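# A structural walkthrough
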Amino acid sequence: MSTSSVTDRLPLGAGAGTGIAAYLVGYLLTYVWQSGSVEERLAGYNFVTELFGGEPIAVWQGVGWLFYNAHFVDTQFDAFGGTQSQNFIAGSEGGSLALLYLVPVVLLLAAGLLTARVGDADEPAAGATAGAAVAIGYFPLALIGRFLFSYQGSAAPDIVTAILLAGLVYPLVLGAVGGAIGGVVGE
């Protein structure tokens with residue numbers, strides 16, 4: 001079988017579209033769910049920052065840090081004595097914030113399943129291959145988002161894990177698993 005015939009059968013457009021949708025819906029859900037809490041947590045820091053003439057951290061940026069934390073991507077920030085890393089979800093008390101870890105998982109599984117169904121995958125292997133195509137849409141947004149959610153170059157999601165975990169591992173693995181499920185359903 002030639003390479004072109006394999007790529008002709010892959011639902012690359014559907015994979016890109018569902019990957020983009022999974023990223024955007026994931027951020028939107030995180031924003032709707034956590035923006036009020038993030039705003040409260042940033043209030044003290046922003047007050048001091050504005051007092052000294054600095055720019056406050058926007059709520060949408062803080063929510064972005066949580067969204068990347070849900071992919072196990074730490075937020076790095078400049079602190080006295082060097083750079084520190086923190087996952088605000090892992091460092092939180094109480095279990096409700098930990099539910100954020102499910103947001104990218106559920107959405108990427110669904111994106112992979114949908115991509116496999118659109119691609120008419122009728123077996124798990126074909127579904128997994130089709131489902132992995134969600135990375136085509138998810139990766140560029142994960143990369144762009146890493147820079148978009150940067151606060152004046154002093155706080156941002158870690159670049160290496162943003163690329164590897166959020167951009168590649170999550171969409172490839174979870175998209176493939178969702179796609180394999182879609183292939184089983186298509187049998």
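Above this text is the structure in question.
Nothing here was measured: the structure is a model prediction, and the numbers come from that model.

Let us now look at the packing of aromatic side chains. Tallying each qualifying case throughout the model produces 11 aromatic pairs. For the pair tyrosine 27 and phenylalanine 149, a centre-to-centre distance of 5.2 Å together with 25° between the ring planes defines the contact as stacked. With a gap of 122 residues between them, tyrosine 27 in helix α2 (residues 12–51) and phenylalanine 149 in the loop between α6 (135–148) and β3 (155–157) connect regions that are remote in the sequence. The exposure class assigned to tyrosine 27 is buried, which follows from its relative accessible area of 17%. A residue is classified by how much of its surface remains accessible, and phenylalanine 149, at 4% relative accessible area, is buried. Centroid distance phenylalanine 67 to tyrosine 68: 6.0 Å. Interplanar angle 85°. Geometry classified as edge-to-face. Summarising the burial analysis for this pair, phenylalanine 67 and tyrosine 68 share the class buried. Aromatic rings pair up to connect Tyr23, Tyr27, Tyr31, Trp60, Phe67, Tyr68, Tyr138 and Phe149 into one cluster. Here arginine 146 stacks its cationic end above the ring of phenylalanine 147, 4.9 Å away from the centre of that ring.

The rules behind these values
- Residues numbered from 1 in each chain as written.
- Predicted model: local features only at pLDDT ≥ 70, side-chain atom pairs only at ≥ 80, totals over all residues.
- Heavy atoms only, no water.
- Phe/Tyr/Trp six-rings, centres within 6.5 Å; stacked < 30°, edge-to-face > 60°.
- Helix = DSSP H or I, 4+ residues; strand = E, 2+ residues; numbered from the N terminus.
- Buried < 20%, exposed > 50% of the residue type's maximum accessible area, 1.4 Å probe, protein only.
- Lys NZ or Arg CZ within 6 Å of the ring centre and 35° of its normal.

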